[in-house]
Amino acid sequence: MGKQGSHKSLRSEFQGWHSKTLLLQGLKSDSSKCNSCRGLYVGKKHIRAIVVMFGLLGCLFLLDSLIISFFEFTNLQPGTAPNNSSAFQGRDSYIYRKQSPVYMYERLLNLASSALAEKEFKQESSNLWVEPFRQASSWKPCAERKVQSNSGKPVQSNGYILISANGGLNQQRVAICNAVAVASLLNATLVIPEFLYSNVWKDPSQFGDIYQEEYFMNSLKDDINIEKELPPHMKSLDVEAIGSQITDADLTKEATPADYIKVVLPILLRNGVVHFLGYGNRLGFDPLPSDIQRLRCKCNFHALKFAPKIQQLGSILIQRIRKYGARRSMLDTQLLGKFIHNNKYHEGKRGSAKYLALHLRFEIDMVAYSLCEFGGGEEERKELHAYRERHFPLFLERLKKNSTSISPMNLRKLGRCPLTPEEAALVLAGLGFKPETYIYLAGSHIYGGNSRMEPFTSLYPNVITKENLLTDSELAPFRNFSSQLAALDFIACASADVFAMTDSGSQLSSLVSGFRTYYGGDHAPTLRPNKTRLAAILRENNTIKWNRFEVRVKKMILEGQKAGIRSYGRSIYRNPGCAECMCKHL
């Protein structure tokens, strides 16, 4: 019996007992008019009946409470789909208040709902879970073993490179790989990178809290020298005072090897140490010697293994998403290490073995910074403007000086607006994903919380997050470490049967898609909507027929999935399909 049916049955039983009690009370009143002996006898009889009835009522109320408690407990268990969207709430207090659902494309949403309802009863084969272009499987990982004849670490080091990386998990990962490449380029010894504390991320995690230090050093020992810290005689040096501190002002964005040799190498040779402060995306992708490019790939795809505690909890997370359905892939092996063997304890308990991971970038900071409007009316405009005044004052100053600002409507036409949860749901529906699809939501700090997720969950109710799959005690050691939590999302997204992004410029989406390309072969499709083309399709919300919507969305996604050789200047972390990174098998 369902929870609602149980409650209804209990209420009707209670009403029946309540009516009988009133009747007995009436009989007791009438009996007082009889003689005292008969009245005493009847009164005692009725009192006993009332006591019995109230005892039964107490038992019924107790049973009712137990049933309610049972269902609430069941809904909170790890591994079950959530019945509410509390995990979608953001960090700002105004997001928590109750709001009405916000719809921008209600007509299309209704068409999608009808189309998905029809699909639910059709047993049709689906190719949504397979990479559509078979040439993806012709590229094989080989950055680890492919060594150029002129490569290898130098006989004598030119000095030490210190790195203080900024940003979150993904920006730091890029900084580490760039630092490895620069150390090789300058014949320098790399000291294990440090991570700057950010008031945005508020995470004090350092390299060893996120990655395996010894594994990192051993993996790259034949390529560069790596030390855990400076030698004792150099620890007391004031690198800024001696002119060895390098900031973004000293290097252009995506600098070339020539820039490093011209600007950095003389300082390194003079002082024996350089410190890159706030280091990030300061090394371009081309032109770059092939052995340096290969080393970047080796660092990103092989040398950086998550710390055991992250791998262990990541393994638990993946098992619960799949409901202990087994899947052993190269992706899982690389992400989970020895903890992939935990699955053997659950053999035979096969469940939902496939899931889609979605990186839905609809956080408050991105929404506010975009200057777009999302159907929330005047209240939303005031809310986002207040957030900009508080967090982006310099950005607002530049806007005031710029008289040629673009309107929110034109920003949307140009594809510069973050996709709302509603738009993401429409894309998935247009592709044909069925309502029962399990969707892992990365990040989960959605601006607007439940009001924004309502259109999404109305089509796809099986939305799951790390917050409702893992227990409080399991998450407790990670709670105040945003980069370590982001690592769990990285694992869940990279290991997914399908990965969908809403913003191809996101570092997480970029790194995850590259990881899937490198290790996934033709079994790790990635969905990248073209926001300009999608905006044009959605502008026809009031007239377009659903079958036409499906055709255009499928074409848009298919063209974004074409696999090919990395083009000049493109990120090797996102597009590892090149001779320096992978080997092509015909």
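So, a few notes on the structure that sits alongside this text. Small disclaimer: the values here were computed from a predicted structure and weren't measured.

In this section: the overall build of the protein chain. Counting its regular elements, the protein chain contains 23 helices and 13 strands. Burial statistics for the protein chain: of 586 residues in total, 51% are counted as buried. Residue pairs in contact within the protein chain that sit at least 24 positions apart in sequence constitute 82% of those at least 6 positions apart. Put simply, the protein chain shows about 28,600 Å² of open surface, and 54% of that area lies on carbon and sulfur atoms.

For the rest of this paragraph, the subject is the packing of helix α20 (residues 482-494) against helix α21 (residues 507-520). Axis separation between α20 and α21 bottoms out at 9 Å; the angle between their running directions is 45°. In this view, α20 runs oblique relative to α21, as classed from their interaxial angle. Handedness of the crossing formed by α20 with α21: right-handed. Contacts between α20 and α21 involve Phe490, Cys493 and Ala494 from the former and Leu508, Leu511, Val512, Phe515 and Arg516 from the latter. When grouped by side-chain class, the residues that make up the contact of α20 with α21 number 7 nonpolar, no polar and 1 charged.

A separate point is the sheet that holds strand β9 (residues 439-442). Strand order across the open sheet formed by 5 strands is β10-β9-β8-β11-β12, with parallel pairing between neighbours. Each having just a single partner strand, β10 (463-464) and β12 (526-527) make up the two edges of the open sheet.

Below, the discussion takes up the state of the cysteines. The term disulfide refers to a covalent linkage connecting the sulfur atoms of a pair of cysteines. Applying the stated rule across the entire model yields 3 disulfides. With its sulfur 1.7 Å from that of its partner, Cys297 forms a disulfide with Cys581. Between Cys297 and Cys581, the S-S dihedral sits near -115°, and the bridge is therefore left-handed. Placement of the pair is Cys297 in helix α9 (residues 290-303) and Cys581 in the loop between α23 (546-560) and β13 (582-584), with a sequence separation of 284 residues. Cys581 carries the same exposure label as Cys297, and that label is buried. Paired by a disulfide, Cys372 and Cys417 hold their sulfur atoms 2.1 Å apart. Classification of the bridge connecting Cys372 and Cys417 rests on its S-S torsion, roughly -90°, and on that basis the disulfide is left-handed. Here the residue Cys372 occupies a position in the loop between α12 (364-370) and α13 (377-391), and Cys417 occupies one in the loop between α15 (408-413) and α16 (421-431), the gap between them amounting to 45 residues. For the pair Cys372 and Cys417, a shared accessibility class is recorded, and that class is buried. Along the protein chain, the cysteines that take part in disulfide bonds pair up as 1-6, 2-5, 3-4, counted in sequence order.

Cut-offs and rules
Residues numbered from 1 in each chain as written. Predicted model: local features only at pLDDT ≥ 70, side-chain atom pairs only at ≥ 80, totals over all residues. Heavy atoms only, no water. Helix = DSSP H or I, 4+ residues; strand = E, 2+ residues; numbered from the N terminus. Buried < 20%, exposed > 50% of the residue type's maximum accessible area, 1.4 Å probe, protein only. Contact = heavy atoms within 4.5 Å. Areas by Shrake-Rupley, 256 points an atom, 1.4 Å probe, with all protein chains shown as cover. Axes fitted to C-alpha atoms, helices over the stretch in contact; angles between N-to-C directions. Parallel < 35°, antiparallel > 145°, perpendicular 65-115°, else oblique. Left-handed = near helix turned anticlockwise from the far one by under 90°. Nonpolar A, V, L, I, M, F, W, Y, C, P; charged D, E, K, R; others polar. Pairing = 2+ DSSP bridges. Disulfide = S-S within 2.5 Å.

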